[in-house]
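One-letter residues, chain by chain:
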Amino acid sequence: MLKSVLHEAVMAGAEQVVKYFNQTFDIKYKEGRNNLVTEADEASEKAIIEVIKKTYPDHHILTEESGDLPQQSEYKWIIDPIDGTINFAHGIPIYCISVAVEKSGEMILGMVYNPHMNELFFAERGGGATLNGKPIKVSSETDAMKSCLVTGFPYTYIHEQNGPLQVFERLITEGVPVRRLGAAAIDLCWVACGRLDGFYEHRLQPWDSAAGFLIVEEAGGKVTDFDGNPYSPYQHRILATNGLIHEQMLKVIHNQ
Ligand code: IPD
Ligand code: CA
Ligand code: CA
Ligand code: CA
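Residues numbered from 1 in each chain as written. Chains lettered and ligands numbered in written order. Predicted model: local features only at pLDDT ≥ 70, side-chain atom pairs only at ≥ 80, totals over all residues. Heavy atoms only, no water.

Trainee: What is the right way to look at the domain arrangement of the protein chain in this model?
Mentor: Often the size quoted for an interface is simply the accessible area lost on bringing the parts together. For the protein chain, the assigned domains read domain 1 (2-135) and domain 2 (144-253). Placing a centre on the C-alpha atoms of domain 1 and another on those of domain 2 gives a separation of 21 Å. At the interface, 39 residues of domain 1 touch 25 residues of domain 2. For the pair domain 1 and domain 2, the summed buried surface comes to about 2,300 Å²; carbon and sulfur atoms form 67% of the total. Summed over the shared surface of domain 1 and domain 2, the result is two salt bridges. Elements with a minimum of two residues in the side of domain 1 that touches domain 2: strand E3 (60-63), strand E5 (75-83), helix H3 (85-89), strand E6 (96-103), strand E7 (106-114), strand E8 (119-124) and strand E9 (129-131). By residue number, the principal contributor to the side of domain 1 that touches domain 2 is E7, which donates seven residues. (Domains from an automatic or database assignment. Contact = heavy atoms within 4.5 Å. Buried area = accessible area lost by both parts, 1.4 Å probe. Salt bridge = Lys/Arg side-chain N within 4 Å of Asp/Glu carboxyl O. Helix = DSSP H or I, 4+ residues; strand = E, 2+ residues; numbered from the N terminus.)

Trainee: Just to check I follow, could you spell out the packing of helix H1 (residues 2-20) against helix H2 (residues 39-55) for this structure?
Mentor: Helices that pack against each other are described as a pair by the angle of their axes relative to one another and the distance between those axes. In the contact formed by H1 and H2, the axes pass within 8 Å of each other and the chain directions differ by 155°. Our classification of the angle between H1 and H2 gives roughly antiparallel. With respect to the hand of their crossing, H1 and H2 are arranged in right-handed fashion. The segment H1 lies against H2, with Val5, Glu8, Ala9, Ala12, Gly13, Gln16, Val17 and Tyr20 engaging Glu39, Ala40, Ala43, Ser44, Ala47, Ile48, Val51, Ile52, Lys54 and Thr55. Split into classes, the residues belonging to the contact of H1 with H2 amount to eleven nonpolar, four polar and three charged. (Axes fitted to C-alpha atoms, helices over the stretch in contact; angles between N-to-C directions. Parallel < 35°, antiparallel > 145°, perpendicular 65-115°, else oblique. Left-handed = near helix turned anticlockwise from the far one by under 90°. Nonpolar A, V, L, I, M, F, W, Y, C, P; charged D, E, K, R; others polar.)

Trainee: For this particular structure, what's the right way to read the coordination of the calcium ion (ligand 4)?
Mentor: Coordination angles at a metal have ideal targets, namely 109.5 degrees for four tetrahedral donors and 90 or 180 degrees for six octahedral donors. Bound to the calcium ion (ligand 4) on the protein side are Glu64 (OE), Asp80 (OD) and Ile82 (O), at distances that span 2.1 to 2.3 Å. The motif formed by the donor residues of the calcium ion (ligand 4), counted along the single chain, is E-x15-D-x1-I. The distance between the calcium ion (ligand 4) and the calcium ion (ligand 2) is 3.8 Å, with Glu64 acting as a donor to both metals. (Donors = N, O, S within 2.8 Å, 3.2 Å for Na, K, Ca; no water.)

Trainee: I would appreciate a short explanation of unusual backbone geometry in the present structure.
Mentor: Backbone geometry follows two general trends: most residues other than glycine have a negative phi, and most peptide bonds adopt the trans configuration. Although it is not a glycine, Asn22 sits at a positive phi angle of roughly 65°. One can find Asn22 in the loop between H1 and strand E1 (27-29). Backbone geometry at Ser104 places phi at a positive 45°, although glycine is not the residue there. Here Ser104 shows up in the loop between E6 and E7. On the basis of relative accessibility, which here comes to 56%, the residue Ser104 falls in the exposed class. (Buried < 20%, exposed > 50% of the residue type's maximum accessible area, 1.4 Å probe, protein only.)

Trainee: Looking at this structure, how should I read helix H7 (residues 246-253)?
Mentor: Every α-helix carries 3.6 residues per turn, so stepping three or four residues along brings you back to the same face. Along H7, the positions that sit buried rather than exposed are His246, Met249, Leu250, Val252 and Ile253. For H7, the buried positions fall inside an angular range of 160° around the axis, keeping them on one side. Packed against the buried residues of H7 are strand E11 (149-151), helix H4 (164-173), strand E13 (198-201), strand E14 (222-224) and strand E15 (238-241). (Arc of directions from axis to C-beta.)

Trainee: Hey, could you run me through the sheet that holds E11 in this one?
Mentor: Hydrogen bonds along the backbone pair up the strands of a sheet, which may run parallel or antiparallel. A sheet is described by the order of its strands in space; here five strands give the open sequence E12-E11-E13-E15-E14, paired in mixed fashion. Each edge of the open sheet is held by one strand with a lone partner, namely strand E12 (178-179) and E14. Pairing of E11 with E12, which is carried by two bridges, proceeds in the parallel orientation. Across the sheet, residue Val150 finds its bridge partner in E12, namely Arg179. Helix-sheet contacts for H7 involve E11, E13, E14 and E15, and the interaxial angle to E15 is about 150°. (Pairing = 2+ DSSP bridges.)

Trainee: For this particular structure, what's the right way to read the site of ligand 1?
Mentor: Contacts to ligand 1 come from 15 residues, most closely from Asp83, Gly84, Thr85, Ala184 and Glu201. Contact distances for ligand 1 include 2.6 Å between an oxygen atom and a side-chain N or O atom of Asp83. Protein chains shield 85% of the accessible area of ligand 1, which is 380 Å² for the free molecule. A majority-of-atoms criterion places ligand 1 in the largest pocket. Of the residues forming the shell around ligand 1, the biggest block, three residues, is contributed by E5. Here the shell around ligand 1 is built from residues that sort into four nonpolar, four polar and seven charged. (Near = heavy atom within 4 Å. Polar contact = N/O pair within 3.5 Å; in protein donor to acceptor, adjacent residues only side chain to side chain. Areas by Shrake-Rupley, 256 points an atom, 1.4 Å probe, with all protein chains shown as cover. 1 Å grid on protein atoms, 1.4 Å probe; cavity = no way out; pocket = protein on both sides within 12 Å on 5 of 7 lines; lining within 4 Å. Sits in = over half its atoms within 2 Å of the grid points.)

Structure below.
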(Lines give C-alpha, C1' and ligand atoms only; values in the text may rest on other atoms or scores of the structure.)
(Ligands and ions follow the chains in the order given, each with its own letter.)
Protein backbone atom coordinates (compact mmCIF):
# COMPACT_ATOMS: atom_id res chain seq x y z
CA MET A 1 0.00 0.00 0.00
CA LEU A 2 2.80 2.44 0.96
CA LYS A 3 4.53 1.68 -2.34
CA SER A 4 1.49 2.30 -4.48
CA VAL A 5 0.71 5.57 -2.68
CA LEU A 6 4.35 6.62 -3.16
CA HIS A 7 4.09 5.90 -6.89
CA GLU A 8 0.76 7.70 -7.20
CA ALA A 9 2.15 10.71 -5.33
CA VAL A 10 5.29 11.00 -7.50
CA MET A 11 3.23 10.71 -10.69
CA ALA A 12 0.74 13.33 -9.45
CA GLY A 13 3.67 15.70 -8.89
CA ALA A 14 5.13 14.94 -12.33
CA GLU A 15 1.78 15.53 -14.03
CA GLN A 16 1.73 19.07 -12.64
CA VAL A 17 5.35 19.82 -13.43
CA VAL A 18 5.30 18.79 -17.11
CA LYS A 19 2.31 21.09 -17.69
CA TYR A 20 4.48 24.08 -16.75
CA PHE A 21 7.71 23.04 -18.51
CA ASN A 22 8.70 25.60 -21.18
CA GLN A 23 5.53 27.60 -20.46
CA THR A 24 5.23 30.91 -18.65
CA PHE A 25 5.07 30.59 -14.89
CA ASP A 26 5.55 32.73 -11.81
CA ILE A 27 8.93 32.69 -10.10
CA LYS A 28 9.43 33.85 -6.52
CA TYR A 29 12.75 34.38 -4.76
CA LYS A 30 13.18 32.84 -1.31
CA GLU A 31 15.76 33.85 1.28
CA GLY A 32 19.37 33.73 0.02
CA ARG A 33 20.95 34.02 -3.41
CA ASN A 34 19.39 32.37 -6.45
CA ASN A 35 17.00 30.45 -4.22
CA LEU A 36 13.89 30.36 -6.32
CA VAL A 37 10.56 28.63 -6.29
CA THR A 38 8.22 28.43 -9.27
CA GLU A 39 4.48 27.92 -9.55
CA ALA A 40 5.33 24.40 -10.74
CA ASP A 41 7.21 23.52 -7.51
CA GLU A 42 4.14 24.62 -5.53
CA ALA A 43 1.65 22.79 -7.75
CA SER A 44 3.73 19.61 -7.64
CA GLU A 45 4.08 19.73 -3.87
CA LYS A 46 0.35 20.34 -3.38
CA ALA A 47 -0.55 17.38 -5.61
CA ILE A 48 1.93 15.07 -3.84
CA ILE A 49 0.67 16.03 -0.37
CA GLU A 50 -2.96 15.56 -1.44
CA VAL A 51 -2.28 12.00 -2.58
CA ILE A 52 -0.46 11.10 0.65
CA LYS A 53 -3.07 12.70 2.91
CA LYS A 54 -5.94 10.90 1.19
CA THR A 55 -4.62 7.56 2.48
CA TYR A 56 -2.40 8.60 5.37
CA PRO A 57 -3.81 11.77 6.97
CA ASP A 58 -1.84 11.09 10.17
CA HIS A 59 1.63 10.66 8.65
CA HIS A 60 4.38 13.21 9.28
CA ILE A 61 5.42 15.17 6.14
CA LEU A 62 8.60 17.18 5.50
CA THR A 63 8.79 19.14 2.27
CA GLU A 64 11.07 21.77 0.76
CA GLU A 65 8.39 24.36 0.10
CA SER A 66 5.83 23.83 2.92
CA GLY A 67 8.39 22.86 5.55
CA ASP A 68 7.72 20.49 8.42
CA LEU A 69 4.14 19.28 8.88
CA PRO A 70 4.60 17.18 12.03
CA GLN A 71 2.27 14.43 13.24
CA GLN A 72 2.60 11.77 15.94
CA SER A 73 3.46 9.00 13.51
CA GLU A 74 6.35 6.60 12.97
CA TYR A 75 6.09 7.38 9.24
CA LYS A 76 7.58 10.49 7.67
CA TRP A 77 7.35 11.43 3.98
CA ILE A 78 10.20 13.58 2.68
CA ILE A 79 9.35 15.47 -0.50
CA ASP A 80 11.27 17.49 -3.07
CA PRO A 81 8.54 18.55 -5.52
CA ILE A 82 11.13 19.57 -8.13
CA ASP A 83 14.77 18.80 -7.60
CA GLY A 84 16.65 20.93 -10.12
CA THR A 85 14.40 23.99 -10.03
CA ILE A 86 16.99 26.21 -11.71
CA ASN A 87 17.27 23.76 -14.62
CA PHE A 88 13.47 23.60 -14.79
CA ALA A 89 13.15 27.39 -14.80
CA HIS A 90 15.63 27.58 -17.71
CA GLY A 91 13.89 24.88 -19.75
CA ILE A 92 16.68 22.36 -19.11
CA PRO A 93 15.06 18.93 -18.82
CA ILE A 94 17.32 17.66 -16.03
CA TYR A 95 15.08 17.73 -13.00
CA CYS A 96 12.97 15.27 -11.09
CA ILE A 97 10.39 14.64 -8.42
CA SER A 98 11.87 12.95 -5.35
CA VAL A 99 9.88 11.37 -2.52
CA ALA A 100 11.08 9.11 0.31
CA VAL A 101 9.39 7.35 3.22
CA GLU A 102 11.08 7.07 6.59
CA LYS A 103 9.83 4.69 9.27
CA SER A 104 11.00 5.13 12.87
CA GLY A 105 14.05 7.08 11.70
CA GLU A 106 15.07 4.66 8.93
CA MET A 107 14.56 5.37 5.23
CA ILE A 108 12.53 2.48 3.84
CA LEU A 109 11.36 3.65 0.39
CA GLY A 110 12.71 6.09 -2.17
CA MET A 111 11.42 7.12 -5.59
CA VAL A 112 12.86 9.60 -8.09
CA TYR A 113 11.23 10.38 -11.45
CA ASN A 114 12.67 12.37 -14.35
CA PRO A 115 9.64 12.94 -16.62
CA HIS A 116 11.65 13.96 -19.69
CA MET A 117 13.72 10.81 -19.81
CA ASN A 118 10.77 8.81 -18.48
CA GLU A 119 13.12 7.31 -15.88
CA LEU A 120 11.64 6.06 -12.64
CA PHE A 121 14.17 5.05 -10.00
CA PHE A 122 12.93 3.14 -6.98
CA ALA A 123 14.40 1.40 -3.94
CA GLU A 124 13.00 -0.42 -0.97
CA ARG A 125 15.31 -1.08 1.97
CA GLY A 126 16.60 -4.64 1.62
CA GLY A 127 14.86 -5.09 -1.73
CA GLY A 128 17.39 -3.65 -4.20
CA ALA A 129 17.05 -0.72 -6.58
CA THR A 130 15.38 -0.51 -9.99
CA LEU A 131 15.15 1.76 -13.02
CA ASN A 132 11.79 1.41 -14.77
CA GLY A 133 11.33 -1.91 -12.97
CA LYS A 134 14.71 -3.43 -13.94
CA PRO A 135 17.39 -4.02 -11.28
CA ILE A 136 20.31 -1.57 -11.34
CA LYS A 137 23.76 -1.63 -9.82
CA VAL A 138 26.65 0.74 -9.33
CA SER A 139 29.72 0.84 -11.62
CA SER A 140 32.84 -1.29 -11.19
CA GLU A 141 35.45 1.47 -11.57
CA THR A 142 38.20 1.06 -8.98
CA ASP A 143 40.28 4.19 -9.63
CA ALA A 144 38.91 7.57 -8.52
CA MET A 145 41.25 9.32 -10.95
CA LYS A 146 39.67 7.42 -13.86
CA SER A 147 36.13 7.99 -12.61
CA CYS A 148 33.40 10.21 -13.95
CA LEU A 149 32.12 12.17 -10.96
CA VAL A 150 29.34 14.63 -10.27
CA THR A 151 28.93 17.39 -7.71
CA GLY A 152 26.86 20.44 -6.92
CA PHE A 153 27.91 23.85 -5.70
CA PRO A 154 26.15 25.78 -2.97
CA TYR A 155 25.50 29.50 -3.48
CA THR A 156 27.26 30.35 -0.20
CA TYR A 157 30.09 28.85 1.95
CA ILE A 158 32.01 28.17 -1.25
CA HIS A 159 35.42 29.18 0.14
CA GLU A 160 35.59 27.06 3.34
CA GLN A 161 38.53 24.72 4.10
CA ASN A 162 38.17 21.56 1.98
CA GLY A 163 35.10 23.30 0.60
CA PRO A 164 33.50 22.93 -2.82
CA LEU A 165 36.11 24.98 -4.67
CA GLN A 166 39.12 23.24 -3.14
CA VAL A 167 37.81 19.71 -3.69
CA PHE A 168 36.77 20.56 -7.24
CA GLU A 169 40.18 22.12 -7.95
CA ARG A 170 41.99 18.99 -6.69
CA LEU A 171 39.95 16.77 -8.97
CA ILE A 172 40.07 18.85 -12.14
CA THR A 173 43.80 19.48 -11.62
CA GLU A 174 44.19 15.70 -11.95
CA GLY A 175 42.08 15.75 -15.10
CA VAL A 176 39.14 13.94 -13.49
CA PRO A 177 35.84 14.64 -15.27
CA VAL A 178 33.44 16.22 -12.77
CA ARG A 179 29.89 16.94 -13.94
CA ARG A 180 27.43 19.47 -12.44
CA LEU A 181 23.96 18.35 -13.48
CA GLY A 182 22.01 20.61 -11.11
CA ALA A 183 19.75 18.04 -9.46
CA ALA A 184 21.18 16.11 -6.52
CA ALA A 185 18.55 13.35 -6.65
CA ILE A 186 19.42 12.68 -10.30
CA ASP A 187 23.13 12.75 -9.42
CA LEU A 188 22.51 10.02 -6.86
CA CYS A 189 20.36 7.90 -9.19
CA TRP A 190 22.97 8.12 -11.92
CA VAL A 191 25.57 6.81 -9.47
CA ALA A 192 23.13 4.04 -8.57
CA CYS A 193 22.74 2.91 -12.18
CA GLY A 194 26.46 3.12 -12.94
CA ARG A 195 26.48 6.09 -15.34
CA LEU A 196 28.58 7.97 -12.81
CA ASP A 197 31.07 6.53 -10.31
CA GLY A 198 30.66 9.00 -7.47
CA PHE A 199 28.87 12.11 -6.20
CA TYR A 200 29.80 14.52 -3.44
CA GLU A 201 28.22 17.74 -2.25
CA HIS A 202 28.79 20.05 0.72
CA ARG A 203 25.37 21.47 1.58
CA LEU A 204 22.37 19.33 0.84
CA GLN A 205 18.99 19.36 2.57
CA PRO A 206 17.04 16.23 3.60
CA TRP A 207 14.66 16.38 0.61
CA ASP A 208 17.58 16.50 -1.87
CA SER A 209 19.03 13.16 -0.80
CA ALA A 210 16.42 11.17 1.19
CA ALA A 211 15.25 9.03 -1.75
CA GLY A 212 18.50 9.04 -3.74
CA PHE A 213 20.81 7.86 -0.98
CA LEU A 214 18.66 4.77 -0.36
CA ILE A 215 18.64 4.09 -4.13
CA VAL A 216 22.47 4.21 -4.19
CA GLU A 217 22.78 1.93 -1.15
CA GLU A 218 20.30 -0.56 -2.56
CA ALA A 219 22.18 -0.56 -5.88
CA GLY A 220 25.27 -1.74 -4.01
CA GLY A 221 26.93 1.65 -3.50
CA LYS A 222 28.23 3.35 -0.39
CA VAL A 223 26.96 6.61 1.11
CA THR A 224 28.64 8.43 4.01
CA ASP A 225 29.40 11.85 5.36
CA PHE A 226 32.86 13.32 4.69
CA ASP A 227 34.33 11.39 7.65
CA GLY A 228 33.18 8.01 6.36
CA ASN A 229 30.33 7.75 8.90
CA PRO A 230 26.97 6.28 7.85
CA TYR A 231 24.96 8.91 6.00
CA SER A 232 21.94 10.68 7.41
CA PRO A 233 19.98 13.07 5.19
CA TYR A 234 19.67 15.43 8.18
CA GLN A 235 23.28 16.56 7.74
CA HIS A 236 24.68 18.58 4.85
CA ARG A 237 27.66 16.65 3.50
CA ILE A 238 27.36 13.60 1.30
CA LEU A 239 29.72 11.24 -0.48
CA ALA A 240 27.99 8.55 -2.54
CA THR A 241 30.08 6.18 -4.65
CA ASN A 242 30.18 2.72 -6.16
CA GLY A 243 31.97 1.72 -2.91
CA LEU A 244 35.21 0.87 -4.72
CA ILE A 245 36.48 4.48 -4.97
CA HIS A 246 35.04 5.60 -1.62
CA GLU A 247 38.25 5.64 0.45
CA GLN A 248 40.14 7.39 -2.35
CA MET A 249 37.43 10.06 -2.54
CA LEU A 250 37.53 10.64 1.24
CA LYS A 251 41.27 11.27 0.89
CA VAL A 252 40.73 13.75 -1.95
CA ILE A 253 38.14 15.59 0.14
CA HIS A 254 40.56 15.84 3.08
CA ASN A 255 43.60 16.51 0.87
CA GLN A 256 45.47 13.48 2.23
C1 IPD B 1 19.12 21.81 -5.52
C2 IPD B 1 19.71 20.78 -6.46
C3 IPD B 1 21.16 21.09 -6.74
C4 IPD B 1 21.96 21.20 -5.47
C5 IPD B 1 21.34 22.21 -4.52
C6 IPD B 1 19.88 21.88 -4.25
P7 IPD B 1 16.48 22.34 -5.73
O8 IPD B 1 17.77 21.49 -5.20
O9 IPD B 1 19.62 19.49 -5.92
O10 IPD B 1 21.76 20.09 -7.54
O11 IPD B 1 23.27 21.60 -5.81
O12 IPD B 1 22.08 22.18 -3.32
O13 IPD B 1 19.33 22.87 -3.43
O14 IPD B 1 16.50 23.65 -5.02
O15 IPD B 1 16.61 22.45 -7.19
O16 IPD B 1 15.36 21.48 -5.26
CA1 CA C 1 15.00 24.86 -3.98
CA1 CA D 1 16.44 19.77 -4.15
CA1 CA E 1 13.25 21.57 -4.88
